[in-house]
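Working through the structure, step by step
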Amino acid sequence: MLRDFMPCLAMVLVQVGCAVMSITSKLAMESGMRPLVLVAYRQIFSVIAIAPLAFFMERNTSPGITRQILLQLFLCSITTVTADQAFYVLGLEYSNATIACALNELRPAVTFVLAVYCRLEKVGIKTVAGQTKVVGTIACVVGSMLLSFYHGHSIYTIESSIHWKYAEEVTDSTSNNRTNFLDLFLIMISYVAWAVGFIIQARLGKKFPAPNTTAAVVSFMASIDCTAIAFIFEHRISAWSLSPSIRLFASLYEGIVCNALALCLVIWSIDKKGPLYVSIFSPLSLLIVAILSFALLHEKLFIGTLAGSVLIVAGFYAVLWGKDKETKEMKSMDDEMETKQDDQKDDLELQLRKINDHPTKIEQKLNPVPSGFP
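Before going into details, it helps to say that this report is about the structure given with it. Please read these numbers as outputs of a predicted model, since none were measured by experiment.

Across all of its chains, the model carries 3 salt bridges by this definition. Taking the shortest distance from any N to any O, the salt bridge between Glu234 and Arg34 comes out at 3.4 Å. Placement of Glu234 in the loop between helix H9 (211-233) and helix H10 (245-273) and of Arg34 in the loop between helix H1 (2-30) and helix H2 (35-58) is noted, with a sequence separation of 200 residues between them. The salt bridge partner of Glu254 is Arg42, with a shortest N-O separation of 3.5 Å. You can see Glu254 sitting in helix H10 and its partner Arg42 sitting in helix H2, a full 212 residues away along the chain. Overall, Glu254 belongs to the buried group, its relative accessible area being 0%. Through salt bridges with shared partners, a single ionic network connects Arg34, Glu234 and Arg236.

Rendered as structure tokens:
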């Protein structure tokens, strides 16, 4: 029971960490930090945090890295880390944390489609579980689109009693409500890259069952990629400054918690439950970001935000229920098959025993019992 609950707990912690990351990233960029520089620092701190963990935990159990595995690790670093994070922060720069997090709900839909295409998941449209997964995925996408593109009238809410002076100063001085299609498109690209990386990781995990080593190598490759790309666009020394302190905090927190720790938990959860199970936890970060945005940044709640959130949560639990029901049905079928095989084996052994204990008529004719013997 506890073993089955651990992947769920791991993914909840990942979503909490990612929700906080959306706030810290926005504040760091509003303080003047360039998006690509932030991503580069994240990867550098991630490697520093995760390399010792991988060395001490898997130095004796990690399988050898072949050329094929090395290529898959490189593709994971390009998609899951470099493309995902670079496009995300570029889109987040002129968008807001709630909209960026709302578009996060495209991940389950994209992952589901790619997983079906790669034969890692079955639609099962004729079953209740399959139909629920499809409807839940559609609800997540519709809810995220409604939340992103339709606000409506604001809903009266109480004012937050939390006043973070630094956040108020930064948001007041650099407030920018401009959100255009290009920003949203960049964020969507990041989620597509993330889903592609999940599919690659699902295949890689079967050949290379070393999650910590995988995370360390992927982070190392991504740190080289992100640093090189950031230096091409931001080669001024002043652009790499970690002052004010929010830049240093965002880089450390996102590198250690959201990259190193989260990547290990995500890779481990994929090995245990599959890519779709991991991706459907993403709506949780939306709710957390909405709460933090209201409490710390004093954002208002709109009708579109509320309606979209309801659809997203409903779709999230629908997909989760469908996945759980499908898993139980498959386990039940496997148990029935094993029971049937055991019964057939027992019947065969019983028949063989009867044959050995009672000679056939042919054997009795060939070896008649002499008269006078009982």
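Right, picking up where we left off after that structure.
Turning to the environment of Gln201, a few remarks are in order. Secondary-structure assignment places Gln201 in helix H8 (residues 181-207). Measuring from C-alpha to C-alpha, the distance between Gln201 and Thr214 comes to 9.2 Å, with 13 residues separating the pair along the chain.

So, on to the packing of aromatic side chains. Within this structure, the stated rule accounts for 4 aromatic pairs. A ring pair is formed by Tyr41 and Trp240, whose centres lie 5.7 Å apart and whose planes are at 70°; its orientation type is edge-to-face. Here Trp240 lies in the loop between H9 and H10 and Tyr41 lies in helix H2, a separation of 199 residues in the sequence. An angle of 10° between the planes, with centres 6.0 Å apart, marks the rings of Phe249 and Tyr253 as stacked. In this pair, Phe249 and Tyr253 are both assigned in helix H10, 4 residues apart and thus about one turn of the helix distant. Judged by relative accessible area, Phe249 falls into the partly exposed class, the value being 47%. Using a relative accessible area of 17% as the deciding quantity, one classes Tyr253 as buried.

Applying the stated criterion across every chain, the model contains 3 cavities of 30 Å³ or more. Lining of the second largest cavity is provided by Cys76, Thr80, Gly197, Phe198, Gln201, Thr214, Val218, Leu263, Val266, Ile267 and Ile270. If you list the elements that add at least two residues to the lining of the second largest cavity, you get helix H3 (67-92), H8, H9 and H10. Considering each element in turn, the lining of the second largest cavity owes the most residues, 4 residues, to H10. Per-class residue counts for the lining of the second largest cavity are 7 nonpolar, 4 polar and no charged.

Closest axis-to-axis distance for the H9/H10 pair is 9 Å, and the angle between their directions is 130°. It follows that H9 is oblique to H10 by the angle criterion. Once H9 is placed against H10, the crossing between them reads as right-handed. Within the contact between the two elements, H9 uses Pro211, Asn212, Thr214, Ala215, Val218 and Ser219 and H10 uses Leu263, Cys264, Ile267, Trp268 and Asp271. Tallied by class, residues from the contact of H9 with H10 come to 7 nonpolar, 3 polar and 1 charged.

Here the focus is H3. Three or four residues apart is the spacing at which side chains of an α-helix point the same way, because the helix has 3.6 residues per turn. Compared with the 38 Å implied by 1.5 Å per residue over 26 residues, the 36 Å span of H3 between its first and last C-alpha is a close match. The sharpest bend along H3 measures roughly 30° and falls at Thr82.

For Ala210, the position within the fold is in the loop between H8 and H9. Taking C-alpha positions, Ala210 is 9.8 Å from Cys264, a pair spaced 54 residues apart along the chain. Ignoring sequence-local partners within four residues, the contact set of Ala210 consists of Glu58, Ser62 and Pro63.

In this structure, Met33, Tyr41, Tyr88 and Trp240 are the most contacted members of the largest nonpolar core, which totals 25 residues. Only H1, H2, H3, H8, H9 and H10 provide two or more residues apiece to this core. Take this core: its biggest share by element is 7 residues, from H2. Counting residues in each nonpolar core, the second largest holds 20 residues, with Val81, Met221, Ala222 and Ala260 among its members.

If you trace the backbone, Phe208 turns up in the loop between H8 and H9. As a C-alpha pair, Phe208 and Ile65 span 143 residues in sequence and 8.0 Å in three-dimensional space. Excluding anything up to four places from it in sequence, Phe208 contacts Ser62, Pro63, Gly64, Ile65, Ile69, Thr213 and Thr214.

Where nonpolar side chains cluster on the molecular surface, the patch consists of Phe5, Met6, Leu9 and Leu13 and spans about 360 Å² of accessible area. Inspection of the secondary structure assignment puts Leu9 in helix H1. Note on Leu9: relative accessible area 34%, which makes it partly exposed.

Rules used in this analysis
Residues numbered from 1 in each chain as written. Predicted model: local features only at pLDDT ≥ 70, side-chain atom pairs only at ≥ 80, totals over all residues. Heavy atoms only, no water. Salt bridge = Lys/Arg side-chain N within 4 Å of Asp/Glu carboxyl O. Helix = DSSP H or I, 4+ residues; strand = E, 2+ residues; numbered from the N terminus. Buried < 20%, exposed > 50% of the residue type's maximum accessible area, 1.4 Å probe, protein only. Phe/Tyr/Trp six-rings, centres within 6.5 Å; stacked < 30°, edge-to-face > 60°. 1 Å grid on protein atoms, 1.4 Å probe; cavity = no way out; pocket = protein on both sides within 12 Å on 5 of 7 lines; lining within 4 Å. Points joined across faces, edges and corners; volume = space filled by probe spheres on them. Nonpolar A, V, L, I, M, F, W, Y, C, P; charged D, E, K, R; others polar. Axes fitted to C-alpha atoms, helices over the stretch in contact; angles between N-to-C directions. Parallel < 35°, antiparallel > 145°, perpendicular 65-115°, else oblique. Left-handed = near helix turned anticlockwise from the far one by under 90°. Contact = heavy atoms within 4.5 Å. Expected span 1.5 Å × (residues − 1). Bend = angle between axes of the 7 residues up to and from the residue. Core = buried A, V, L, I, M, F, W, Y, C linked by side-chain atoms within 4.5 Å. Patch = residues over 30% accessible without salt bridge, like charges linked within 9 Å, V, L, I, M, F, W, Y side chains within 5 Å. Areas by Shrake-Rupley, 256 points an atom, 1.4 Å probe, with all protein chains shown as cover.

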